[in-house]
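Chain and residue survey
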Amino acid sequence: MLSSFNEWFWQDRFWLPPNVTWTELEDRDGRVYPHPQDLLAALPLALVLLAMRLAFERFIGLPLSRWLGVRDQTRRQVKPNATLEKHFLTEGHRPKELSLLAAQCGLTLQQTQRWFRRRRNQDRPQLTKKFCEASWRFLFYLSSFVGGLSVLYHESWLWAPVMCWDRYPNQTLKPSLYWWYLLELGFYLSLLIRLPFDVKRKDFKEQVIHHFVAVILMTFSYSANLLRIGSLVLLLHDSSDYLLEACKMVNYMQYQQVCDALFLIFSFVFFYTRLVLFPTQILYTTYYESISNRGPFFGYYFFNGLLMLLQLLHVFWSCLILRMLYSFMKKGQMEKDIRSDVEESDSSEEAAAAQEPLQLKNGAAGGPRPAPTDGPRSRVAGRLTNRHTTAT
């Protein structure tokens, strides 16, 4: 059964243009072609990259963050409470029935709010963890961009994407292109392995989709000998990714002016590469020029479908960037990354508690009477103006 599935899966019509067979892409007379089994080396490479990342974050990233002045905010630990902990883990981090929970635990509404606020803070990553993650990605993306540019600089298809289809699929494999491609695939596999442990932002689902699409694209493009166009997609993405990670690092260091300048540069590069070059050069050549001398086949539709999914993600992230740029133009400085959570201070919800005296009486029926708020609303408002949030 397995052999039958393998034979069906690797049919020529799925992967190659019409009238082309796998036998034409066998190595002969010193001509080497890409083979799907070559990508198996990406699995151990991903584990090697994971080990390198752990060593980098511990022995380089963490000391570097402290040397550059990145400091974690002191967090107050919550008192053990089985009822609230169970609700936090099963029902959600922001419960609606706070009055009922307060009555069940013999706490005031304000104490219950404070418990959930501090418990949420405990699950948020510290700044040093964010800095270590960003510095590792910055190092890889920058190295990959420089390495990829050196590999492709003298290739004709970098400057004229239509050359990606010259004599396709009878295009030999160069060792430098193979190792760069393998390194990129291993890196994205390592990102997928680390997803449950890395910093989770509000676009977490989109990041997961992006990583899976990237791995499938690289695997398919290598197997179908679409390396030329695949290499352009990789280089185009790497050209802005390292700028984003550099912007994060500077933000965690609280160098506001440098962060603002870097973010403006990143935004320009991102918009130009993802919203101009990608659709006009990459999508155009894969959709139109790739079939100018041959008919479409399954791989043509599959590959273009994945590229279109990437473009939708580009548009989604562009909208987030535009929102941040609008805030920058309105207020004169860059604010927090809208994808990230902000650490909550203990006074962040006291105003809401002060405005709910009736709820304090009715919600805790049958239980202990909640204590009054600490002072008049003006005092609470004064404390609110002095609160601070951590950089994300």
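Before any of the text, the structure's been laid out above.
Attention in this report is confined to the structure presented alongside it. Each chain carries its own residue numbering, running from 1 in the written order of its sequence. The predicted origin of the model limits local features to residues at a pLDDT of at least 70 and limits the giving and counting of side-chain atom pairs to 80 or more, whereas totals for whole chains, interfaces and linings rest on all residues. For the side-chain quantities, the full set of heavy atoms in the structure was used; hydrogens and water were omitted.

**Observations regarding the layout of surface pockets**
Think of a 1 Å grid over the protein atoms and nothing else: a 1.4 Å probe that fits but is trapped marks a cavity, an open set flanked by protein within 12 Å on at least five of seven lines marks a pocket, and residues with an atom within 4 Å of a point count as lining. Grid points are joined across faces, edges and corners, and a volume is the space filled by probe spheres set on the points. The space that makes up the second largest pocket amounts to roughly 340 Å³. What lines the second largest pocket is a set of 14 residues, among which L158, L232, L235, L236 and L277 lie closest to the centre. Helix and strand assignments come from DSSP, with helices taken as H or I runs of at least 4 residues and strands as E runs of at least 2, each series counted from the N terminus. Elements represented by at least two residues in the lining of the second largest pocket include exactly α7 (127-152), α8 (156-159), α11 (227-252) and α12 (256-287). Taken together, the residues that form the lining of the second largest pocket break down as eleven nonpolar, three polar and no charged. Classification convention: Asp, Glu, Lys, Arg as charged; Ala, Val, Leu, Ile, Met, Phe, Trp, Tyr, Cys, Pro as nonpolar; all other residues, Gly among them, as polar.

**Quick notes on a nonpolar patch on the surface**
Residues F268, Y272, L275, V276 and V315 make up a contiguous nonpolar surface patch of roughly 450 Å² in combined accessible area. Counting residues per element, the nonpolar patch draws most heavily on α12, which supplies four residues. Whether a residue is buried, partly exposed or exposed follows from its accessible area with a 1.4 Å probe, protein chains only, as a fraction of its type maximum: under 20%, in between, or over 50%, in that order. The partly exposed category is assigned to V315, whose relative accessible area is 39%. Any residue with relative accessible area above 30% and no salt bridge may belong to a patch, with like charges joined within 9 Å and the nonpolar Val, Leu, Ile, Met, Phe, Trp and Tyr side chains within 5 Å. Method for areas: the Shrake-Rupley scheme with a 1.4 Å probe, in which residue coverage is limited to the protein chains shown. Salt-bridge detection follows one rule: a side-chain nitrogen of Lys or Arg within 4 Å of a carboxyl oxygen of Asp or Glu.

**Focus: the packing of helix α9 (residues 175-194) against helix α10 (residues 204-223)**
It is the contact of α9 with α10, at a shortest axis distance of 9 Å, that shows an interaxial angle of 150°. In terms of orientation, α9 lies roughly antiparallel with respect to α10. Where α9 crosses over α10, the handedness of that crossing is left-handed. Each of Y178, Y181, E184, L185, Y188, L189, L191 and L192 in α9 lies in contact with α10, whose residues at this interface are H210, H211, F212, A214, V215, M218, T219, S221 and Y222. Classifying every residue of the contact of α9 with α10 by side-chain character gives twelve nonpolar, four polar and one charged. Think of each axis as a best-fit line through the C-alpha atoms, taken over the contacting stretch in the case of a helix, with angles from 0 to 180 degrees between the N-to-C directions. In what follows, roughly perpendicular refers to angles from 65 to 115 degrees, roughly parallel to angles under 35, roughly antiparallel to angles over 145, and oblique to any angle outside these ranges. Crossing handedness is read from the near helix: turned anticlockwise from the far helix by less than a right angle, it gives a left-handed crossing, and turned clockwise, a right-handed one. Whether two residues are in contact is decided by their heavy atoms, any of which lying within 4.5 Å being enough.

**Describing the side chain of R194**
Structurally, R194 can be placed in helix α9. Not counting chain neighbours up to four residues away, the residues in contact with R194 comprise L50, R53, L54 and K129.

**Comments concerning empty space enclosed by the protein**
Throughout the structure, instances matching the rule amount to five cavities of 30 Å³ or more. Together, 13 residues line the second largest cavity, and A214, L217, V233, L234 and L310 are the ones closest to its centre. Taken together, the elements giving at least two residues each to the lining of the second largest cavity come down to α9, α10, α11 and α13 (298-331). With five residues, the top contributor of residues to the lining of the second largest cavity is α10. A class-by-class count of the residues in the lining of the second largest cavity yields nine nonpolar, four polar and no charged.

**Considerations on the packing of aromatic side chains**
Only Phe, Tyr and Trp rings are paired, with Trp represented by its six-membered ring, and only when their centres lie within 6.5 Å; those with planes under 30 degrees apart are stacked, over 60 edge-to-face, the remainder tilted. Applying the stated criterion across every chain yields a total of 32 aromatic pairs. Between F145 and Y242 the ring centres are 5.7 Å apart and the planes differ by 25°, which places this aromatic pair in the stacked class. Separated by 97 residues along the polypeptide, F145 in helix α7 and Y242 in helix α11 bring together distant segments of the chain. The exposure classification of F145 matches that of Y242, with both residues buried. Between the aromatic rings of Y287 and Y288, the centroid separation amounts to 4.9 Å while the plane-to-plane angle is 80°, which identifies the pairing as edge-to-face. Of the residues examined, Y287 reaches a relative accessible area of 44% and is grouped as partly exposed.

**Let's talk about unusual backbone geometry**
The omega torsion across Y168 and P169 is 5°, close enough to zero to call that bond cis. Residue placement: P169 occurs in the loop between α8 and α9. The residue R167 is not glycine, and still its phi comes out positive at about 60°. Mapping R167 onto the fold places it in the loop between α8 and α9. Non-glycine residue N225 carries a positive phi angle of around 60°. For N225, a relative accessible area of 3% translates into the label buried.

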